[in-house]
Every structure is written in C-alpha cells, then in structure tokens.
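What the coordinates show
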Amino acid sequence: MKFSSNEFYHLHEFEQLALDFKIKATRRVIEKINGKLEVMYDISGKMTDLDRFNQQLAGSLVIDEFLL
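1. Focus: helix H2 (residues 47–58)
- With twelve residues, H2 extends 16 Å from end C-alpha to end C-alpha; this agrees with the ideal 16 Å at 1.5 Å per step.
- For H2, the complete set of buried residues consists of Asp49, Leu50, Phe53, Asn54 and Leu57. Down the axis of H2, the smallest arc covering the buried residues is 135°, so these residues share one side. Looking at H2, the residues exposed on the side facing more than 90 degrees away from the buried face are Thr48, Gln55 and Ala58.
- Where H2 is buried, its residues contact helix H1 (9–20), strand E3 (36–44) and strand E4 (63–65).

Written as structure tokens, this is what we have:
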C-alpha cells in the first residue's frame, strides 16, 4: 500500500477502517520512499467484507496505490 504522504497517522486511519469492515490487517513492513509511506500488510477476512473494503480503498484520497 502506498499512501499519498509520509504521515504516520494514515496507518492508524487505515487500520481503524479495516476494523470497521471486520478485516484483520497486520503490518509487516513500513518504508518511507520518495516522501511517501509504503506499507505491506497481511489482510484477511470474509470475501464480502474484503470486497467492500477494497471499494472503500479505491475511493480514498490518502491512498495512492494498493495491490491485492
């Protein structure tokens, strides 16, 4: 996941959003690259919850990129 800035509060917001969608998100790697946070997560949950979560992420203004 690549955030639009290097502000660490984005991690808390993302992880709270995951909890709101009943998704387990475990941080694996955090890096600052070119002024942006890049974070690798292990994600798990029910497929329907994951689909809704992914739709929410796609519309986020603070997330530049995420891969499944």
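2. Structural notes on the pattern of salt bridges
- Counting across every chain of the model gives six salt bridges.
- Across the pair Glu65 and Lys2 runs a salt bridge whose closest N-O atoms are separated by 3.8 Å. Taken together, the residues Glu65 in strand E4 and Lys2 in strand E1 (residues 2–3) connect sequence positions 63 residues apart.
- Lys2 sits in the partly exposed class, given a relative accessible area of 26%.
- The salt bridge partner of Arg28 is Asp42, with a shortest N-O separation of 2.5 Å. One end of the pair, Arg28, is in strand E2 (residues 24–33); the other, Asp42, is in strand E3, with 14 residues separating them in the sequence.
- Within this structure, Lys2, Glu38 and Glu65 form a network of salt bridges that share partners.

Reading the values: the criteria
- Residues numbered from 1 in each chain as written.
- Predicted model: local features only at pLDDT ≥ 70, side-chain atom pairs only at ≥ 80, totals over all residues.
- Heavy atoms only, no water.
- Helix = DSSP H or I, 4+ residues; strand = E, 2+ residues; numbered from the N terminus.
- Expected span 1.5 Å × (residues − 1).
- Buried < 20%, exposed > 50% of the residue type's maximum accessible area, 1.4 Å probe, protein only.
- Arc of directions from axis to C-beta.
- Contact = heavy atoms within 4.5 Å.
- Salt bridge = Lys/Arg side-chain N within 4 Å of Asp/Glu carboxyl O.

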